[in-house]
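The residues making up each chain are set out below.
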Amino acid sequence: MTALDRASAADQILRPWQDPSLPVADRVDALLEELTLEEKVGQLGSRWIGNDMQLDQGGEPEDDAAGPLNVAPMQDVFTASGTVPFEEAIRHGLGHLTRVFGSAPVTAAEGAAEVVRLQREVVESSRLGIPALVHEECLTGFTTYGATVYPAAIAWGATFDPDLVERMAAAIGRDMRAVGVHQGLSPVLDVVRDYRWGRVEETMGEDPYLVAMLGAAYVRGLESAGIIATLKHFAGYSAARAARNHGPVPMGRRELMDMILPTFETAIVEGGARSVMNSYCDVDGVPAAADSWLLTDLLRGEWGFTGTVVSDYWAVPFLATTHQVAADTDEAGVQALTAGIDVELPDTLGYGQHLTERVRRGELPESLVDRAARRLLTQKVELGLLDPGWTPEKSVAGAEAVDLDSPANRTLARELAERSIVLLDAGTALPLLGEGRPEPRRVAVVGPCADDPRTFMGCYAFPNHVLPRHPGLGLGVDAPSLIDALRAELPGAELVHERGCDVRSEDRSGFAAALQAARESDLCVAVVGDLAGLFGQGTSGEGCDAEDLRLPGVQEDLLVELAATGTPVVVVVVSGRPYALGAVSGTAAALVQAFMPGEEGGAAIAGVLSGRVQPGGKLPVQIPRSPGGQPGTYLQPPLGSNSHGISNLDPTPLFPFGYGASYTTFEIDDLRISDAEVPTGGEFTASVRVRNTGERAGEEVVQLYLHDVIAQVTRPVLQLAGFARVRLEPGASARATFTVSADRTAFTGRDLRRVVEPGDIEVFAGASASDLPCRGRVRLTGPPRHVGRGRRLVTPVDVEPAPGSGAALQGGTDAGQS
């Protein structure tokens with residue numbers, strides 16, 4: 001009789017770990033007592049079935065891809081040498097099944113059938129019938145064939161809209177749960193420190209508070225659907241030297257604690273995340289996968305995290321092969337387990353049965369195995385996998401009817417795309433269909449991003465992540481290109497298309513045709529930017545780092561020559577990172593930034609260009625003026641900003657953090673601060689009035705910034721402390737009131753303890769980091785106050801229509817809104 005047969009026997013007496021009436025902790029205790037040491041170790045591993053690197057029978061990989069088409073670092077190396085047959089991997093049980101849906105193009109029904117097959121094998125080989133957790137990637141939507149491709153995370157940052165991000169994550173989670181998935185490897189909470197890093201597109205921007213609010217919202221949405229959200233990459237990954245993927249991070253503990261870690265803490269405390277994934281990098285010489293201070297002392301001891309820590313793919317063997325802090329993979333497993341990694345992904349290499357031998361030889365405390373197994377088994381119990389009625393078939397019930405790219409999903413994707421597009425400069429050309437402006441009769445649409453909808457998608461979108469290995473299958477979703485969307489948007493105009501050049505090629509042979517098309521047109525729309533890929537196969541994405549911030553290939557040269565034709569040129573940048581636009585901003589008739597807006601990006605961009613869509617996106621990263629001049633982010637102490645007379649390099653951006661124009665106008669004024677003095681344990685309110693002074697309804701993002709005038713360590717000149725997205729009808733006004741706890745001024749002092757110091761705090765409010773018409777000051781009084789767990793992480797905001805102002809509608813506010 002198999003384990004499943006035993007579980008389904010009508011006369012079976014429930015074992016304690018199967019009894020839903022008992023507390024979860026009691027069920028897990030009982031199960032741990034029953035498990036052998038080998039079975040407990042088995043729960044700490046994973047298996048990636050289908051990781052075979054085989055190409056579709058339709059042909060060879062497309063484009064100029066060099067080397068193996070990996071979807072994880074050194075995937076080909078570990079596939080060839082490090083994996084074992086499935087039956088051997090599950091002999092003593094299994095913790096996770098890796099990417100059943102995300103490794104090859106399968107339908108929802110096919111993937112569900114494979115989940116059932118694999119789960120049945122896992123359960124039937126397990127003495128106690130313990131299923132595995134199924135995890136998948138979900139950064140731009142469920143990373144599987146035919147699923148909705150939402151905008152990339154950097155575009156979420158441009159929305160400044162946590163409520164919208166939460167709704168998107170809930171939709172992603174529902175789709176995943178319906179086909180038997182339990183855990184999603186998102187969101188990315190890395191804070192951008194260098195725009196050249198390839199994974200900027202996976203982040204939500206360069207400000208810890210913005211990333212924290214959006215990240216916590218994503219977690220709430222995913223967890224609301226019953227999917228375990230996984231925070232990554234913990235921690236410091238985005239600050240690698242020279243922005244090189246996996247590079248060492250030359251960062252001190254103070255910067256790590258103030259700029260990098262708050263996003264993770266907030267997503268745990270405010271979002272309820274149940275899993276964390278380690279970073280690949282080392283910080284000040286200590287790899288995250290072996291850092292017990294990070295994974296145990298801080299994460300669990302100080303923050304109270306009780307979920308699981310899962311390794312990034314092959315991060316455990318990397319301790320031996322790339323970091324060289326372990327003699328071999330077995331020793332790497334001991335180091336990672338000791339530091340606090342509970343489950344090794346995507347395959348079991350360092351967490352094999354050698355751990356049982358070490359325990360029996362007295363070289364490894366069994367309590368470390370128990371600690372990790374307890375955390376994973378707790379989640380299996382919480383998810384119902386050990387309840388008496390659970391079966392592999394029931395876990396995917398209804399999967400055949402699931403539409404992974406439903407109309408509701410697409411509507412949500414369109415809303416995100418529209419809200420994320422940033423109008424940098426309407427110039428003389430936008431909106432194309434504005435009042436008093438004749439519709440252009442002939443429009444030249446040029447540039448490598450005009451006719452390729454893959455440029456709208458991030459590197460973890462299935463069409464860019466997996467389908468390059470299957471070139472005969474197309475995109476798997478309906479994703480109109482911008483040229484197609486413009487044809488629908490401008491039915492009365494003749495559109496002429498010329499690519500001009502490819503995204504990263506140095507070939508200029510297409511310039512002549514593009515320039516001729518521009519000369520013969522009333523208007524030119526030039527669409528330039530990125531094509532996401534992996535490990536050097538794109539211009540943005542994991543392992544696709546940039547030497548500088550010049551547009552890839554010869555795209556900037558194309559823009560310069562187009563401007564010289566005399567035809568007005570509207571420049572649309574579709575990218576995963578900000579590029580330096582100083583060389584083209586002065587000659588462009590308009591500038592638009594679209595951060596990889598997903599499958600609905602074409603219609604969204606076309607709507608902004610025509611004026612049908614009112615642009616309301618704000619920059620989550622600055623737009624540099626020149627390709628060099630690091631550092632680029634706005635979070636700098638005084639000497640990190642423009643230091644007149646000290647350095648000849650000026651890092652002042654072309655467009656600042658938080659900036660975004662509109663087809664209407666807004667005014668932010670009348671700052672009111674509740675108290676001139678508050679104790680270091682108190683709070684104050686700061687409110688401003690925002691008015692729509694234009695002729696169209698629109699949304700403004702009111703931004704609150706703080707500055708600590710004098711502190712024991714250098715502090716940023718400005719730092720975002722709160723924000724609210726407010727929708728207003730023409731002539732209407734509203735008042736946004738921020739409740740600011742003194743905790744929000746805390747920083748890590750010289751003794752590496754977080755402190756609220758007495759002294760003056762400058763308060764700024766406005767529409768961007770450089771447009772702050774409202775300025776005030778609050779004095780914190782009393783003794784210095786050390787804060788930690790339980791401190792206020794959020795600045796709540798209320799938005800109320802101003803009396804007698806007419807209609808004022810709240811669009812979206814930060815996660816602390818009351």
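This section reports on the structure supplied with the text. (Residues numbered from 1 in each chain as written. Predicted model: local features only at pLDDT ≥ 70, side-chain atom pairs only at ≥ 80, totals over all residues. Heavy atoms only, no water.)

What about the overall build of the chain?
Step number 1: Counting its secondary structure elements, the chain contains 22 helices and 28 strands.
Step number 2: For the chain, the proportion of contacts with a sequence separation of at least 24, taken over those separated by at least 6, is 79%.
Step number 3: If you sum the accessible surface of the chain, you get close to 27500 Å²; carbon and sulfur atoms cover 49% of it. (Helix = DSSP H or I, 4+ residues; strand = E, 2+ residues; numbered from the N terminus. Contact = heavy atoms within 4.5 Å. Areas by Shrake-Rupley, 256 points an atom, 1.4 Å probe, with all protein chains shown as cover.)

Notes on the sheet that holds strand β11 (residues 442-446)
Step number 1: The strand order across the open sheet formed by six strands is β10-β15-β14-β13-β11-β12, and the pairing between neighbours is mixed. The open sheet has two edge strands with one neighbour each: β10 (422-425) and β12 (494-498). Each neighbouring strand pair of the sheet contributes to a mean axis angle of 20°, computed without reference to strand direction.
Step number 2: Sheet topology places β11 next to β12; five bridges connect them, and they run parallel. Bridge pairing in β12 places Val 446 opposite Glu 498.
Step number 3: The sheet strands contacting helix α19 (residues 511-519) are β11, β12 and β13 (523-529), and the helix crosses β12 at an angle near 160°.
Step number 4: Across the sheet, helix α20 (residues 555-563) lies against β11, β13 and β14 (569-574), angled at about 170° from β13, the strand it touches most. (Pairing = 2+ DSSP bridges. Axes fitted to C-alpha atoms, helices over the stretch in contact; angles between N-to-C directions.)

Examining helix α2 (residues 24-34)
Note on helix geometry: an α-helix contains 3.6 residues per turn, so any two residues three or four positions apart are oriented the same way.
Step number 1: All of the buried residues in α2 are Arg 27, Val 28, Ala 30, Leu 31 and Leu 32.
Step number 2: Where α2 is buried, its residues contact α3 (37-42) and α15 (366-382). (Buried < 20%, exposed > 50% of the residue type's maximum accessible area, 1.4 Å probe, protein only.)

Points about the side chain of Arg 358
Step number 1: In this fold, Arg 358 is placed in helix α14 (residues 354-360).
Step number 2: Other than its neighbours up to four places away in sequence, Arg 358 contacts Asp 330, Glu 331, Val 334, Glu 363 and Leu 364.

Re the environment of Arg 437
Step number 1: Within the fold, Arg 437 resides in the loop between β10 and β11.
Step number 2: Between the C-alpha atoms of Arg 437 and Ser 540, which are 103 residues apart in sequence, the distance is 37 Å.
Step number 3: Among residues more than four places away in sequence, those in contact with Arg 437 are Thr 428, Ala 429, Leu 430, Pro 431 and Leu 432.

Some words on the sheet that holds strand β23 (residues 754-756)
Step number 1: If you trace the three strands from one edge of the open sheet to the other, you get β22-β23-β26, paired in antiparallel fashion. The outermost strands of the open sheet, each flanked by one partner alone, are β22 (747-748) and β26 (785-786).
Step number 2: As paired strands, β23 and β26 are joined by two bridges and run antiparallel to one another. Of the residues in β26, the one forming a bridge with Val 755 is His 786.

Quick word on the packing of helix α8 (residues 162-178) against helix α9 (residues 208-224)
Step number 1: Running from N to C, α8 and α9 point in directions that differ by 30°, and their axes come no closer than 7 Å. With respect to α9, the element α8 is oriented roughly parallel. With respect to the hand of their crossing, α8 and α9 are arranged in right-handed fashion. Across the interface between the two elements, Pro 162, Val 165, Glu 166, Met 168, Ala 169, Ala 170, Ile 172 and Gly 173 of α8 pack against Met 213, Leu 214, Ala 217, Tyr 218, Arg 220, Gly 221, Leu 222 and Ser 224 of α9. (Parallel < 35°, antiparallel > 145°, perpendicular 65-115°, else oblique. Left-handed = near helix turned anticlockwise from the far one by under 90°.)

With respect to the pairing of β14
Side-chain positions along a regular strand alternate between the two faces of the sheet.
Step number 1: Of all the six residues making up β14, six are buried; the element is thus mostly covered by neighbouring parts of the structure.
Step number 2: A two-sided burial pattern is seen for β14, the buried positions comprising Val 569, Val 571 and Val 573 on one face and Val 570, Val 572 and Val 574 on the other.
Step number 3: Alignment of β13 against β14, held across six bridges, turns out to be parallel. Across the sheet, residue Val 525 finds its bridge partner in β14, namely Val 570.
Step number 4: Chirality of the crossover, the property in question, places the unit of β13, α20 and β14 among those that are right-handed. (Right-handed = clockwise from strand over helix to strand, strands pointing away.)

Examining the pairing of strand β21 (residues 733-741)
Step number 1: With eight of nine residues buried, β21 is to be regarded as a mostly interior element.
Step number 2: Where strand β18 (residues 683-692) and β21 come together, nine bridges link them in antiparallel fashion. Pairing of Ser 687 across the sheet is with Thr 737, part of β21.
Step number 3: Direction of pairing for β21 relative to strand β27 (residues 797-801): antiparallel, over a ladder of five bridges. Each residue of the ladder has a partner; that of Arg 735, found in β27, is Glu 800.

Structural notes on the packing of aromatic side chains
The geometry of an aromatic ring pair comes down to the distance between the two centres and the angle between the two planes.
Step number 1: This structure, assessed with the given rule, holds 17 aromatic pairs.
Step number 2: Considering the side-chain rings of Tyr 634 and Tyr 705, the 6.1 Å spacing of their centres and the 90° angle between planes classify their relative orientation as edge-to-face. One end of the pair, Tyr 634, is in the loop between α22 (601-610) and β16 (666-673); the other, Tyr 705, is in strand β19 (residues 698-708), and 71 residues separate them in sequence.
Step number 3: Feature note: the residues Phe 160, Tyr 209, Tyr 634, Phe 657, Tyr 705 and Phe 723 constitute an aromatic cluster, connected by ring pairs.
Step number 4: The positively charged end of Lys 232 is found above the aromatic ring belonging to Tyr 460, 5.5 Å away from the centroid.
Step number 5: The ring of Trp 293 carries the charged tip of Arg 253 above its face, separated from the ring centre by 3.6 Å. (Phe/Tyr/Trp six-rings, centres within 6.5 Å; stacked < 30°, edge-to-face > 60°. Lys NZ or Arg CZ within 6 Å of the ring centre and 35° of its normal.)

Brief notes about the nonpolar core
Step number 1: The biggest cluster of nonpolar side chains holds 200 residues, and the ones touching the most others in it are Phe 234, Leu 261 and Leu 562.
Step number 2: For this core, the element with the most residues is α9, which contributes nine residues.
Step number 3: Once residues within four sequence positions are removed from consideration, Phe 234 is found in contact with Leu 261, Phe 264, Val 276, Met 277, Asn 278, Ser 279, Ala 288, Leu 294, Leu 295, Leu 298, Leu 299 and Trp 303.
Step number 4: Counting residues in each nonpolar core, the second largest holds 45 residues, with Leu 523, Val 525, Leu 531 and Ala 589 among its members. (Core = buried A, V, L, I, M, F, W, Y, C linked by side-chain atoms within 4.5 Å.)

Looking at the environment of Leu 133
Step number 1: Inspection of the secondary structure puts Leu 133 in strand β3 (residues 133-136).
Step number 2: For the pair Leu 133 and Glu 302, spaced 169 residues apart in sequence, the C-alpha separation works out to 28 Å.
Step number 3: If sequence neighbours within four positions are ignored, Leu 133 has contacts with Gly 95, His 96, Leu 97, His 182, Gln 183, Ile 228, Leu 376, Gln 379, Lys 380, Leu 383 and Leu 385.

Examining the side chain of Thr 356
Step number 1: Relative to the helices and strands, Thr 356 resides in helix α14.
Step number 2: Here Thr 356 is in contact with Leu 37, Glu 38 and Val 41, once residues within four sequence places are set aside.

Points about α15
Step number 1: Taking 1.5 Å per residue as the helical rise, α15 with its 17 residues ought to reach 24 Å, and the 24 Å between its terminal C-alpha atoms agrees with that figure.
Step number 2: Residues of α15 that are buried: Leu 368, Val 369, Ala 372, Ala 373, Arg 375, Leu 376, Leu 377, Gln 379, Lys 380 and Val 381.
Step number 3: Looking one or two residues beyond α15, the residue adopting positive phi is Gly 384, at roughly 85°. (Expected span 1.5 Å × (residues − 1).)

Some points on the pattern of salt bridges
Any two side chains of opposite charge can pair, given that their charged atoms come close.
Step number 1: A complete count under the given rule lists 60 salt bridges for this structure.
Step number 2: Note that Arg 15 and Glu 34 form a salt bridge whose closest N and O atoms lie 3.7 Å from each other. Taken together, the residues Arg 15 in the loop between α1 (3-8) and α2 and Glu 34 in helix α2 connect sequence positions 19 residues apart.
Step number 3: Among the residues examined, Glu 34 registers a relative accessible area of 28% and is labelled partly exposed.
Step number 4: A salt bridge links Asp 743 to Arg 785, with the nearest nitrogen and oxygen atoms 2.6 Å apart. Residue Asp 743 is found in the loop between β21 and β22, and its partner Arg 785 is found in strand β26; the two are separated by 42 residues along the sequence.
Step number 5: Judged by relative accessible area, Arg 785 falls into the partly exposed class, the value being 28%.
Step number 6: Taken together, the salt bridges that share partners define one network made up of Asp 405, Arg 410, Arg 414, Glu 599 and Glu 600. (Salt bridge = Lys/Arg side-chain N within 4 Å of Asp/Glu carboxyl O.)

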